[in-house]
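For reference, the chains in residue letters:
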Amino acid sequence: MGAAVLVTGGAGYIGSITVERLAEAGRRVVVLDDLSKGHRAAVVRGVPLVAGDVGDRDLLLTAIAEHGVDSVIHFAAQSVVAESIERPGDYFRTNVVAGCALLDAMASAGVRKMVFSSSAGVYGEPESVPIRESHRTNPLSVYGDTKLVFERILEWRSRSTDLEYVSLRYFNAAGASVLLGEDHRPETHLIPNALRAVARAVPEITVFGDDYETPDGTCIRDYVDVRDLADAHIAALEALDHGRSGVYNLGSGEGWSVLNVIDAASRVTGKRIPYSVGPRRGGDPARLVASSSLAERELGWKPRHLELGEMIESAWAWTRRFPDGYPS
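The structure contained in this document is the topic of the report that follows. Keep in mind that what you see is a predicted model, and the values were worked out from it rather than measured.

## Re the overall build of the protein chain
Looking only at helices and strands, one finds ten helices and 14 strands in the protein chain. Taking 2.2 N^0.38 as the reference for a compact globule, 328 residues should give roughly 20 Å; the C-alpha atoms of the protein chain span a radius of gyration of 19 Å, in line with that estimate. Per-residue burial for the protein chain yields a buried fraction of 55% across its 328 residues. For the protein chain, restricting intrachain contacts to residue pairs at least 6 apart in sequence, the fraction spanning at least 24 positions comes to 78%. Roughly 14,000 Å² of accessible area belongs to the protein chain as shown, and the carbon and sulfur atoms make up 48% of that amount.

See below:
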């Protein structure tokens, strides 16, 4: 079956579904995850799991050698925006320092291809939408800054070594596959919280701010189906196989406000989703909508699941199947 792809953070939400798609495509995969945020039950059956820290050089070298790894998809990170502002040291240690340890281990083992899970958080408050990759970067959160710093490290290392990389700046992931879905603890994302409010009869969810300069006062986000995101990582690997590096946005090109999403979730579930308005969260731009034309042109990637209702329906089907998330 050829060389293997090492997926760090492959027991998490987007990572696990990417592993699922890679396995379906016939690629050999090995997952590395410390299971602090991910779930053992989310690792696709038959895919080896190396339980450990992405900053553990010896563990990495052993995994690369034992499984014949020739490329890496790097998801492993801390990713809660508000938490990053409160704990910047933790975020830089995990998202940057441990990432550098991964790059060092790759270099020692002769692995020179990486697909990096970046974020629209690198842009900050946009000057224009839809956002293109040429837009200036000015993160509003520590989380976004750690992603940008690591992108810069990748760029500099690619200039001085034989490293080739693709950095994927994606916007808000949504949806689920049949077996795999979104289960963060605690959950901070809007769609799963809205659906769990229905599934578990939670009294209400919180809308963080309704005084933004948007039509209904709530933040506007570009939602992209997680299955499409997974396919983009496969397209990025194929681009690296043909010697193409680059930085690409991944989004649907459409923006939905927080209240739009709550209304859509109410229609899908057939239940009213109660909410209250709380203060703004630090690090939240008013509007983030992507232009993915570069990814379409250079990676051949285009999202197939464009309807917000379709994304929510897949997430709702998974939530009904697993109302308490993955087993511990």
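Read on for the rest.
## As for the nonpolar core
One recurring pattern in soluble globular proteins: nonpolar side chains tend to sit buried together. Ranked by size, the top nonpolar core spans 42 residues in total, and within it Val7, Ile14, Ile73, Leu168, Leu250 and Leu299 carry the most contacts. Ranked by residue count, the leading element in this core is helix H7 (residues 226-241), at ten residues. Excluding anything up to four places from it in sequence, Ile14 contacts Phe75, Tyr170, Ala173, Val226 and Leu229. Counting 25 residues, the second largest nonpolar core, distinct from the first, contains Ala174, Val258, Ile273 and Ile312.

## Side note on empty space enclosed by the protein
With the rule as written, the count across this model stands at two cavities of 30 Å³ or more. Of the volumes computed, that of the largest cavity is approximately 70 Å³. Considering the residues around the largest cavity, the lining is formed by Tyr13, Gly175, Ala176, Gly181, Glu182, Ile191, Pro192, Leu195, Ala315, Trp318 and Thr319. Within the residue set of the lining of the largest cavity, elements represented by two or more residues are helix H6 (190-199) and helix H10 (308-321). The class makeup of the residues in the lining of the largest cavity is seven nonpolar, three polar and one charged. Estimates place the volume of the second largest cavity at around 40 Å³. Together, Ala11, Gly12, Tyr13, Lys37, His39, Gly181, Asp183, His184 and Tyr326 line the second largest cavity. Here the lining of the second largest cavity is built from residues that sort into three nonpolar, four polar and two charged.

## Things to note about the side chain of Thr8
Relative to the elements of secondary structure, Thr8 occurs in strand S1 (residues 4-8). At a separation of 3.2 Å, a polar atom in the side chain of Thr8 contacts the main-chain amide nitrogen of Ala76. Ignoring any residue separated from it by four or fewer positions in sequence, one finds Thr8 in contact with Leu32, Val54, Val72, Ile73, His74, Phe75, Ala76 and Leu102.

## Considerations on the packing of aromatic side chains
Here the structure, examined in full by the defined rule, presents five aromatic pairs. Here Phe116 and Phe150 contribute two aromatic rings whose centre-to-centre distance is 4.9 Å and whose plane-to-plane angle is 55°, an arrangement assigned as tilted. Here the residue Phe116 occupies a position in strand S5 (residues 113-119), and Phe150 occupies one in helix H5 (residues 142-160), the gap between them amounting to 34 residues. Since its relative accessible area comes to 2%, Phe116 is described here as buried. Accessibility expressed as a relative area gives 0% for Phe150, which makes it buried. For the ring pair Tyr223 and Trp256, a centre distance of 6.5 Å and an interplane angle of 50° mean the geometry is tilted. On the criterion of sequence distance, the pair formed by Tyr223 in strand S10 (residues 223-225) and Trp256 in strand S12 (residues 256-257) is long-range, its members being 33 residues apart. Across this residue pair, the class does not change: Tyr223 and Trp256 are buried. The rings of Trp318, Phe322 and Tyr326 are connected pair by pair, giving a single aromatic cluster.

## Digging into H6
The periodicity of an α-helix, 3.6 residues per turn, causes residues three or four places apart in sequence to face the same way. Burial of H6 is extensive: eight of the ten residues sit out of reach of the surface. On its buried side, H6 packs onto strand S7 (172-174), strand S8 (205-208), S10, helix H8 (258-269) and H10.

## Quick look at unusual backbone geometry
In the segment running from Val129 into Pro130, the intervening peptide bond is cis, with an omega of 0°. The linkage connecting Arg185 with the following residue, Pro186, adopts the cis geometry, with an omega of 0°. We note that Leu35 has phi near 65°; this positive angle belongs to a residue other than glycine. Within the secondary structure, Leu35 sits in the loop between strand S2 (28-33) and strand S3 (49-51).

## Details of the sheet that holds S12
Taken together, the three strands give an open sheet; going across it, the order is S12-S9-S14, and neighbouring strands pair in mixed fashion. The strands lining the two open edges of the sheet, one partner per strand, are S12 and strand S14 (287-288). Sheet topology note: the strand S9 (residues 220-221)/S14 ladder contains two bridges and is parallel. Looking across to S14, one finds that Ile220 is bridged to Arg287.

What counts and how
Residues numbered from 1 in each chain as written. Predicted model: local features only at pLDDT ≥ 70, side-chain atom pairs only at ≥ 80, totals over all residues. Heavy atoms only, no water. Helix = DSSP H or I, 4+ residues; strand = E, 2+ residues; numbered from the N terminus. Rg over C-alpha atoms; globule rule 2.2 N^0.38 Å. Buried < 20%, exposed > 50% of the residue type's maximum accessible area, 1.4 Å probe, protein only. Contact = heavy atoms within 4.5 Å. Areas by Shrake-Rupley, 256 points an atom, 1.4 Å probe, with all protein chains shown as cover. Core = buried A, V, L, I, M, F, W, Y, C linked by side-chain atoms within 4.5 Å. 1 Å grid on protein atoms, 1.4 Å probe; cavity = no way out; pocket = protein on both sides within 12 Å on 5 of 7 lines; lining within 4 Å. Points joined across faces, edges and corners; volume = space filled by probe spheres on them. Nonpolar A, V, L, I, M, F, W, Y, C, P; charged D, E, K, R; others polar. Polar contact = N/O pair within 3.5 Å; in protein donor to acceptor, adjacent residues only side chain to side chain. Phe/Tyr/Trp six-rings, centres within 6.5 Å; stacked < 30°, edge-to-face > 60°. Pairing = 2+ DSSP bridges.

Remember, this is a structural readout, not a statement about activity or role.
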